[in-house]
Amino acid sequence: MLWQQWWVWLTAAAVLGIAEVFMPGFVLLGFGVGAVVVGILLWLGLLGGSLPVLILVFAVASLIAWVLLRRIAGVRKGQVKVWDTDINEP
């Protein structure tokens, strides 16, 4: 199966990393890191080819990466976005 190949996961990680350039806020970068983790673990032979296991590892790695990215480069303490106008006002 295609999802059992390590290069597919690393290619998906590269696509997500490139897409992150167009969508700031570390939305897709966490998923890219999760795909890199799965790809490397498949390449090393540490993960089997079971799709539920691959998806679980991908989800956990993506969540951990997202939390770390938000903590390192996310909203700073005391930083609040204040809106002066409403988009629906004439």
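Residues numbered from 1 in each chain as written. Predicted model: local features only at pLDDT ≥ 70, side-chain atom pairs only at ≥ 80, totals over all residues. Heavy atoms only, no water.

Novice: It is not clear to me how the overall build of the protein chain should be interpreted in this structure. Could you clarify?
Specialist: The helix and strand inventory of the protein chain stands at 3 helices and 0 strands. Mapped from its N terminus to its C terminus, the protein chain presents α and β elements in the order α-α-α. Taken over 90 residues, the protein chain has a buried fraction of 21%. Contacts in the protein chain between residues far apart in sequence, at least 24 positions, make up 59% of those at least 6 positions apart. Of the roughly 6,900 Å² of accessible surface on the protein chain, a fraction of 72% belongs to carbon and sulfur atoms. (Helix = DSSP H or I, 4+ residues; strand = E, 2+ residues; numbered from the N terminus. Buried < 20%, exposed > 50% of the residue type's maximum accessible area, 1.4 Å probe, protein only. Contact = heavy atoms within 4.5 Å. Areas by Shrake-Rupley, 256 points an atom, 1.4 Å probe, with all protein chains shown as cover.)

Novice: Would you mind showing me how to read helix α2 (residues 29-44) here?
Specialist: Because an α-helix completes one turn every 3.6 residues, residues spaced three or four positions apart along the sequence face the same direction. With 16 residues, α2 should cover 22 Å at 1.5 Å per step; its first-to-last C-alpha distance of 22 Å lies within 8% of that length. Along α2, the residues that are buried comprise Gly30, Gly32, Gly34, Ala35, Val38, Gly39 and Leu42. Looking at the buried side of α2, the elements it contacts are α1 (6-22) and α3 (51-73). Once α2 finishes, Gly45 follows within two positions and takes phi at roughly 80°, a positive value. (Expected span 1.5 Å × (residues − 1).)

Novice: What's the story with the confidence of the model for the protein chain in this structure? I'm lost.
Specialist: It should be kept in mind that the predicted coordinates are not to be read in detail where pLDDT is low. The share of residues in the protein chain with pLDDT of 70 or more is 89%, and the mean pLDDT across the chain is 86. Of all secondary-structure elements in the protein chain, the lowest mean pLDDT belongs to α3, at 90, while α2 reaches the highest, 93. (pLDDT = per-residue confidence, 0-100.)

Novice: I'm lost on the packing of aromatic side chains in this one. Help?
Specialist: Describing an aromatic ring pair means giving the distance of the ring centres and the angle of the ring planes. Counted according to the given criterion, the structure contains 3 aromatic pairs. Considering the side-chain rings of Trp6 and Trp43, the 6.5 Å spacing of their centres and the 55° angle between planes classify their relative orientation as tilted. Placement of the pair is Trp6 in helix α1 and Trp43 in helix α2, with a sequence separation of 37 residues. Taking the relative accessible area as the measure of exposure, Trp6 reaches 37% and is therefore partly exposed. Trp43 gets classed as exposed once you look at its relative accessible area, which sits at 57%. (Phe/Tyr/Trp six-rings, centres within 6.5 Å; stacked < 30°, edge-to-face > 60°.)

Novice: Explain the packing of α2 against α3 here, please?
Specialist: Geometrically, a packed helix pair is captured by the angle between its two axes and the distance between the axes. Two elements in contact, α2 and α3, have axes whose closest approach is 7 Å; the angle formed by their N-to-C orientations is 135°. Comparing their axes, α3 and α2 come out oblique. For the element pair α2 and α3, the recorded crossing hand is right-handed. On α3, the residues touching Leu29, Gly30, Phe31, Val33, Gly34, Ala35, Val37, Val38, Leu41 and Leu42 of α2 are Leu54, Val57, Phe58, Ala61, Ser62, Ala65, Trp66 and Leu69. In terms of residue class, the contact of α2 with α3 is built from 15 nonpolar, 3 polar and no charged. (Axes fitted to C-alpha atoms, helices over the stretch in contact; angles between N-to-C directions. Parallel < 35°, antiparallel > 145°, perpendicular 65-115°, else oblique. Left-handed = near helix turned anticlockwise from the far one by under 90°. Nonpolar A, V, L, I, M, F, W, Y, C, P; charged D, E, K, R; others polar.)

Novice: How should I be thinking about α1 in this particular structure?
Specialist: The end-to-end C-alpha distance of α1, which contains 17 residues, comes to 25 Å, matching closely the 24 Å that a straight helix rising 1.5 Å per residue would cover. Within the span of α1, buried status applies to Trp9, Ala13 and Glu20. Projected down its long axis, α1 shows its buried positions confined to an angular sector of 45°, all on one face. For α1, exposure combined with an orientation more than 90 degrees from the buried face picks out Val15, Ile18, Val21 and Phe22. (Arc of directions from axis to C-beta.)

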